[in-house]
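The residues making up each chain are set out below.
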Amino acid sequence: MPKTSAINRNEKRKKLATKFAAKRAELKAMLLNPETPDEEFYAAQKKLQKLPRNSSAVRIKNRCSLSGRPRAFIRKYGVSRITFRELALSGKIPGIIKSSW
């Protein structure tokens, strides 16, 4: 089980990313537009730098929703490989069976 502080930090990042998503997207659109005047471009660049660093969606780490494990994350199911195996063997994931040949 990972440290609860790491899990809480990731949750804080998720909240910040959703809070500032619209503002960040607006500023980035202004930066990517080639018709933006230089003064507005540099002003948008400064505003983007002033936003909290953790409000960027890139900083969010995929973690297992049950155990909080950061590695071996299976995106389709939202859990780590270990949790996925436990759930599959107990029959809690429909359509998943252990293969044998």
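Up top you'll find the structure we're talking about.
Conventions we followed
- Residues numbered from 1 in each chain as written.
- Predicted model: local features only at pLDDT ≥ 70, side-chain atom pairs only at ≥ 80, totals over all residues.
- Heavy atoms only, no water.
- Helix = DSSP H or I, 4+ residues; strand = E, 2+ residues; numbered from the N terminus.
- Rg over C-alpha atoms; globule rule 2.2 N^0.38 Å.
- Buried < 20%, exposed > 50% of the residue type's maximum accessible area, 1.4 Å probe, protein only.
- Contact = heavy atoms within 4.5 Å.
- Areas by Shrake-Rupley, 256 points an atom, 1.4 Å probe, with all protein chains shown as cover.
- Lys, Arg positive; Asp, Glu negative; His and termini not counted.
- Salt bridge = Lys/Arg side-chain N within 4 Å of Asp/Glu carboxyl O.
- Polar contact = N/O pair within 3.5 Å; in protein donor to acceptor, adjacent residues only side chain to side chain.
- Axes fitted to C-alpha atoms, helices over the stretch in contact; angles between N-to-C directions.
- Left-handed = near helix turned anticlockwise from the far one by under 90°.
- Bend = angle between axes of the 7 residues up to and from the residue.
- Phe/Tyr/Trp six-rings, centres within 6.5 Å; stacked < 30°, edge-to-face > 60°.

**Section: the overall build of the protein**
Step number 1: If you tally the helices and strands in the protein, you get three helices and two strands.
Step number 2: Walking the protein from its N terminus toward its C terminus, one meets helices and strands in the order α-α-β-β-α.
Step number 3: Expected size for 101 residues packed as a compact globule is a radius of gyration near 13 Å; at 20 Å, the protein overshoots this value by more than 25%.
Step number 4: Every one of the 101 residues in the protein was classed for burial, and the buried ones make up 24%.
Step number 5: The long-range share in the protein, meaning contacts at least 24 apart out of those at least 6 apart in sequence, stands at 36%.
Step number 6: For the protein, the exposed surface amounts to about 8100 Å²; the carbon and sulfur share of it is 54%.

**Observations regarding the side chain of Arg-63**
Step number 1: The topology assignment puts Arg-63 in the loop between α2 (38-50) and β1 (73-74).
Step number 2: Among buried Asp, Glu, Lys and Arg side chains, Arg-63 stands out as unpaired, with Glu-11 the closest opposite charge at 7.5 Å.
Step number 3: At 2.5 Å, the side chain of Arg-63 forms a polar contact with the backbone oxygen of Gly-68.
Step number 4: The contact partners of Arg-63, leaving out residues within four places of it in the chain, are Pro-2, Ala-6, Ile-7, Asn-10, Gly-68, Arg-69, Pro-70, Phe-73 and Gly-78.

**Here we look at the packing of helix α1 (residues 4-32) against α2**
Step number 1: As a packed pair, α1 and α2 sit with axes 9 Å apart at the nearest point and diverge in direction by 145°. α1 and α2 meet at a crossing whose hand is left-handed. Packed against α1, whose contacting residues are Arg-24, Leu-27, Lys-28, Met-30 and Leu-31, the element α2 presents Glu-40, Phe-41, Ala-44, Gln-45, Lys-47 and Leu-48 at the interface.

**Let's talk about α1**
Step number 1: Its axis deflected by about 55° at Ala-21, α1 carries its strongest bend there.
Step number 2: Of the residues making up α1, those classed as buried are Ala-6, Asn-10, Arg-13, Leu-16, Ala-17, Phe-20, Arg-24 and Leu-27.
Step number 3: Packed against the buried residues of α1 are α2.

**Observations concerning the packing of aromatic side chains**
Step number 1: Counting across every chain of the model gives two aromatic pairs.
Step number 2: Between Phe-41 and Tyr-42 the ring centres are 5.5 Å apart and the planes differ by 80°, which places this aromatic pair in the edge-to-face class.
Step number 3: Its relative accessible area of 48% is what places Tyr-42 among the partly exposed residues.
Step number 4: Ring centres 4.9 Å apart and planes at 40° place the aromatic pair Tyr-77 and Phe-84 in the tilted group.
Step number 5: Residue classification places Tyr-77 among the partly exposed residues on the basis of a relative accessible area of 33%.

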